[in-house]
Amino acid sequence: MIHLYAIAGDSLPRRDGLAGIDGAAVEISSVDDLRVVFSRHERGLHVDENGVVEHARVIDDLTSAGATVLPARLQSDYADEGALATAVRERALSLRNALQRVAGRVELGVRAAERTTSERAAGADDPAAYMRARLADAQRLDQVVAAIHEPLAALSDDSVRHVVTIGGFKMSSAYLVKKETLDDFRSVFDTIVSEHPDLALVCTGPWPPYSFVAARGRE
Amino acid sequence: MSHEAGDRILGASDDVELFAEQLDNLRDAFPRRINADPENVERGLAQLVLTLIELLRQLMERQALRRMEQGTLSEEQIERLGTTFMKLQERMDELKVHFELRDEDLNLNLGPLGDLL
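Below or above, wherever it landed, is the structure these notes cover. The shown structure was predicted, so the numbers you read here are calculated from the model rather than taken from an experiment. (Residues numbered from 1 in each chain as written. Chains lettered and ligands numbered in written order. Predicted model: local features only at pLDDT ≥ 70, side-chain atom pairs only at ≥ 80, totals over all residues. Heavy atoms only, no water.)

Here we come to the overall build of chain B. For chain B, the helix and strand inventory stands at three helices and one strand. Burial analysis of chain B (117 residues in total) assigns 27% to the buried set. Across chain B, the fraction of contacts at a sequence separation of at least 24, relative to all contacts at a separation of at least 6, is 66%. As displayed, chain B offers around 8,200 Å² of accessible surface, 56% of which is attributable to carbon and sulfur atoms. (Helix = DSSP H or I, 4+ residues; strand = E, 2+ residues; numbered from the N terminus. Buried < 20%, exposed > 50% of the residue type's maximum accessible area, 1.4 Å probe, protein only. Contact = heavy atoms within 4.5 Å. Areas by Shrake-Rupley, 256 points an atom, 1.4 Å probe, with all protein chains shown as cover.)

Printed below as a string of structure tokens:
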């Protein structure tokens, strides 16, 4: 069984002695002009918390060495090298495009949450008042999302966001940012924090471009 | 060279404990063993059913709010929808208490697709 960590272009530097999931040796081989980073395992992997960390550590090591990589999904397992090569060749064009899209860029993540769960809609006994309060709440949350997301998205080449309103407002978003834009991004984020004392906010990164492997239209 | 988790925080407000709680929820996403206790199976089933009901409730409510925004609902329709959503929320709250579920439990992590709700 082959476990895939990442796909890279032909400029991927050698990484000798790198260990992957369960301590397996990480290998790099070529599929035409692409490089696949993988480890061999005797049987199918049941990835647990440690496996997640080990998978991420390999990808981290590659990006720390300056490589442009497309991180593979955690459960990217193939029967053998031939099956992996076939899968890569089938998607070669989109993989090359994706590599070009993420080159010189990193992913930054932002999470936002309301410190206190907003009160349920007021007017508990009046159905129309209840609906109007729900509408006002939805419109307020739309404004909060826009105030956080839009200035950061303007600094990025691509972005994704996910908003949860059950059990309080939570937003998680990811931004594909040029390395040289990191300081600007951080400064805009700090401004957002100072403008929203009612929200808990955190910005993390730089990460490998986990959220931007697949081709997608800009939000 | 690998980074420690703390190195990856570029900026944050003073209070980020909320996100630590979310990490705990994430940890629960990795099943360590199969729990065949009948009570837990029943709770798990209730959780799944209530999650789907909550998904439908949110979709219907969003649709209703959109129509309110567009002004295409009469006062009578708004009143009727409000009654329906209030009753639904009341019943959901009762069921959550009965099955000892929190709001955060009514969600499904769909892996690369993100959360269901």
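Don't stop here, the text continues.
Attention now moves to the side chain of Thr51(B). Inspection of the secondary structure assignment puts Thr51(B) in helix α2 (residues 38-70). A polar side-chain atom of Thr51(B) sits 2.6 Å from the main-chain carbonyl oxygen of Gln47(B). (Polar contact = N/O pair within 3.5 Å; in protein donor to acceptor, adjacent residues only side chain to side chain.)

Our focus in this paragraph is the sheet that holds strand β7 (residues 158-164) of chain A. In spatial order, the strands read β7(A)-β8(A)-β6(A)-β9(A)-β1(B); together these five strands make up an open sheet with antiparallel pairing. With one partner strand each, in any of the chains shown, β7 of chain A together with β1 (9-12) of chain B form the two edges of the open sheet. Strand-to-strand twist across the sheet, computed as the mean angle between neighbouring axes with direction ignored, equals 15°. Relative to strand β8 (residues 170-178) of chain A, β7(A) is paired through seven bridges, and the arrangement is antiparallel. Looking at the pairing, Arg161(A) lines up with Ser173(A) of β8(A). Sheet strands in contact with helix α4 (residues 127-153) of chain A are β6 (105-114), β7, β8 and β9 (199-207) of chain A, and its direction is about 15° off that of β8(A). (Pairing = 2+ DSSP bridges. Axes fitted to C-alpha atoms, helices over the stretch in contact; angles between N-to-C directions.)

Per the stated rule, a full pass over the model turns up 16 salt bridges over all chains. The closest approach of N and O atoms between Glu75(B) and Arg132(A), which form a salt bridge, is 3.4 Å. Placement of the pair is Glu75(B) in helix α3 (residues 75-98) and Arg132(A) in helix α4, with the two residues belonging to separate chains. Looking at Glu75(B), the relative accessible area reads 48%, which means it is partly exposed. According to the relative accessible area criterion, Arg132(A) is partly exposed, its value standing at 41%. The shortest N-O distance in the salt bridge between Glu76(B) and Arg80(B) comes to 3.6 Å. Here Glu76(B) and its partner Arg80(B) are both found in helix α3, four residues apart, which amounts to about one turn of the helix. Since its relative accessible area comes to 57%, Glu76(B) is described here as exposed. One continuous salt-bridge network, built from bridges that share partners, spans Arg134(A), Glu54(B), Arg57(B) and Glu61(B). (Salt bridge = Lys/Arg side-chain N within 4 Å of Asp/Glu carboxyl O.)

In short, geometric facts, not functional conclusions.
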